[in-house]
Amino acid sequence: MKKIYPLNINNEFHFNSTSRDFIVSEIPLYEFSGEGEHLVVHIRKKDMTTWELINTISSHLGIKKKEIGYAGLKDKNAMTMQYISIPAKLEEKLNSFSHPQIKILSTTKHNNKIRVGHLKGNHFKIRLKKVLGVQKDKLDSTLKWIESNGVPNYFGNQRFGTDGTNWIDGKRLLSGEMKMRDRKTKEFLIGSYQSYLFNQWLSKRMEINLLLESFSSKEAEEILKLPKDTLKDTKTQSNFFKLLYGDMIMHYPYGRMFEAMQLDKEAKRFELRDISPTGLLPGKKAKYSLQNARYIEEIFDEDINVQATRRYAWIFPIDIKNTYIEEKAHYELEFSLPKGSYATNILDVLRGKEDNI
């Protein structure tokens, strides 16, 4: 199936995910206290995964990998700045650490170990190449649309592996067709299948949004063979992504969740970026959408024996800046996204691309 994007465009550029052209910096969730039993280490790494970073640090310090805290996994083919935590008693031993792909930028003490998810978001710097003539103006125009409207929050292709088939192995594990002892790999593959189902659901919702650009709610229902009034009160919403009655909405960029019941008011709050709709990653103890939204969601819901969660369907990049270097035909771009979001979603909307998953 395809990941569907909002704009029917064809912007041409070249992007190579390398440490020269792709820079990622973690934005911490809170300020570190400056005291405590844990040492927070701000690290810059190049062309290596977070797991490879943790393996290298743990080997040097002579500790187990689980003693090292981290907030999120960062891209391998990039220059990334992220925070890890180690026991503060190992500070002196860390001073002798040296590695050609890792540089320690700073250290500070903190009361708690860094946990997965303990970050506000990430800031990205990206260099697009071979941007010639009219393409620069087209990118400027598309970027303005993104800044005004936001982008769909698909899981990136890196979630599905080089050949895009991780989700298939996850499905086989769930059906019992495939066996695996390694717990972490098994959880990752099953998570990949959850992500695949989320992307399928989001593509269906994107299809609805695009149809409502050209057709009435009733006509869109007939085209998609949806029950009558599934798309009630959607056409009048000004946002590209249309809310449905029963959508599970969450305060943005984090906060409590609630059911969409007054679409006129909630659509306005969505426009103001106070809230955003969420989609389901199926599993145990799921918080389901209700009413009309459930008609779409249940198509992509499965009984999966892992913890369910919900994910923003639509996100808003902030701190957007762009510079065009004409003599090199480089288009340099930077922006920030909330945690768990992929820079590829910005690039794909800029490109006008529909990806096979």
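Here's a quick rundown of the structure. (Residues numbered from 1 in each chain as written. Predicted model: local features only at pLDDT ≥ 70, side-chain atom pairs only at ≥ 80, totals over all residues. Heavy atoms only, no water.)

**Let's talk about the packing of aromatic side chains**
Thought 1: Under the defined criterion, the tally for this structure stands at 20 aromatic pairs.
Thought 2: Judged by centre distance (5.4 Å) and plane angle (50°), the ring pair of phenylalanine 32 and tyrosine 83 falls under tilted. With phenylalanine 32 in the loop between strand S2 (22-28) and strand S3 (38-46) and tyrosine 83 in strand S5 (residues 79-87), this pair connects stretches of sequence that are 51 residues apart.
Thought 3: Taken together through their ring pairs, the aromatic side chains of Phe15, Phe22, Phe124 and Phe335 make up a single cluster.
Thought 4: Here the basic side chain of arginine 294 rests over the ring of tyrosine 288, its NZ or CZ set 4.2 Å away from the ring centre.
Thought 5: The lysine or arginine in question, arginine 311, covers the ring of phenylalanine 198, its NZ or CZ lying 5.7 Å from the ring centre. (Phe/Tyr/Trp six-rings, centres within 6.5 Å; stacked < 30°, edge-to-face > 60°. Helix = DSSP H or I, 4+ residues; strand = E, 2+ residues; numbered from the N terminus. Lys NZ or Arg CZ within 6 Å of the ring centre and 35° of its normal.)

**Regarding the pattern of salt bridges**
Thought 1: Tallied over the entire structure, the rule returns 17 salt bridges.
Thought 2: A salt bridge links glutamate 187 to arginine 183; its shortest N-O distance comes to 3.0 Å. In this pair, glutamate 187 and arginine 183 both sit in helix H5 (residues 183-214), four residues apart, roughly one turn of the helix.
Thought 3: For glutamate 187, a relative accessible area of 45% corresponds to the partly exposed category. (Salt bridge = Lys/Arg side-chain N within 4 Å of Asp/Glu carboxyl O. Buried < 20%, exposed > 50% of the residue type's maximum accessible area, 1.4 Å probe, protein only.)

**Quick word on the side chain of threonine 142**
Thought 1: For threonine 142, the position within the fold is in helix H3 (residues 134-149).
Thought 2: Setting aside chain neighbours within four positions, we find threonine 142 in contact with Leu7, Ile9, Asn11, Val349 and Leu350. (Contact = heavy atoms within 4.5 Å.)

**What to know about the pairing of strand S7 (residues 119-128)**
Note on strand geometry: in a regular strand, side chains alternate between the two faces of the sheet.
Thought 1: Among the ten residues that make up S7, seven are buried, leaving the element largely enclosed by the rest of the structure.
Thought 2: For S2 and S7, the ladder comprises seven bridges, and the chain directions are antiparallel. Across the sheet, the residue bridging to isoleucine 23 is lysine 125, located in S7. (Pairing = 2+ DSSP bridges.)

**Some points on the nonpolar core**
The tendency in soluble globular proteins is for nonpolar side chains to be buried as a group.
Thought 1: Formed by 70 residues in total, the largest nonpolar core has its most connected members in Leu128, Leu202, Met206, Phe335, Ile346 and Leu350.
Thought 2: Broken down by element, this core gets its largest block of residues, twelve residues, from H5.
Thought 3: When residues no more than four places from it in sequence are discounted, the contact partners of leucine 202 are Pro152, Asn153, Tyr154, Phe241 and Ala313.
Thought 4: Judged by nonpolar contacts, the second largest core, of 18 residues, contains Val41, Ile57, Leu94 and Phe97. (Core = buried A, V, L, I, M, F, W, Y, C linked by side-chain atoms within 4.5 Å.)

**Quick look at the packing of H3 against helix H9 (residues 344-351)**
To describe two helices that pack against each other, one gives the angle between their axes and the distance between the axes.
Thought 1: It is the contact of H3 with H9, at a shortest axis distance of 9 Å, that shows an interaxial angle of 130°. By the angle class used here, H3 and H9 are oblique. Both H3 and H9 take part in a crossing whose hand is right-handed. In this structure, H3 contributes Leu139, Thr142, Leu143 and Ile146 to the contact, and H9 contributes Ile346, Val349 and Leu350.
Thought 2: Here the contact of H3 with H9 is built from residues that sort into six nonpolar, one polar and no charged. (Axes fitted to C-alpha atoms, helices over the stretch in contact; angles between N-to-C directions. Parallel < 35°, antiparallel > 145°, perpendicular 65-115°, else oblique. Left-handed = near helix turned anticlockwise from the far one by under 90°. Nonpolar A, V, L, I, M, F, W, Y, C, P; charged D, E, K, R; others polar.)

**Topic: the environment of histidine 60**
Thought 1: Tracing the chain through its elements places histidine 60 in helix H1 (residues 50-61).
Thought 2: Look at histidine 60 and you get partly exposed, because its relative accessible area is 27%.
Thought 3: Linking histidine 60 and leucine 189, residues 129 residues apart in sequence, is a C-alpha distance of 30 Å.
Thought 4: Among the polar contacts listed, one links the side chain of histidine 60 to the side chain of serine 96, at a separation of 3.3 Å. (Polar contact = N/O pair within 3.5 Å; in protein donor to acceptor, adjacent residues only side chain to side chain.)

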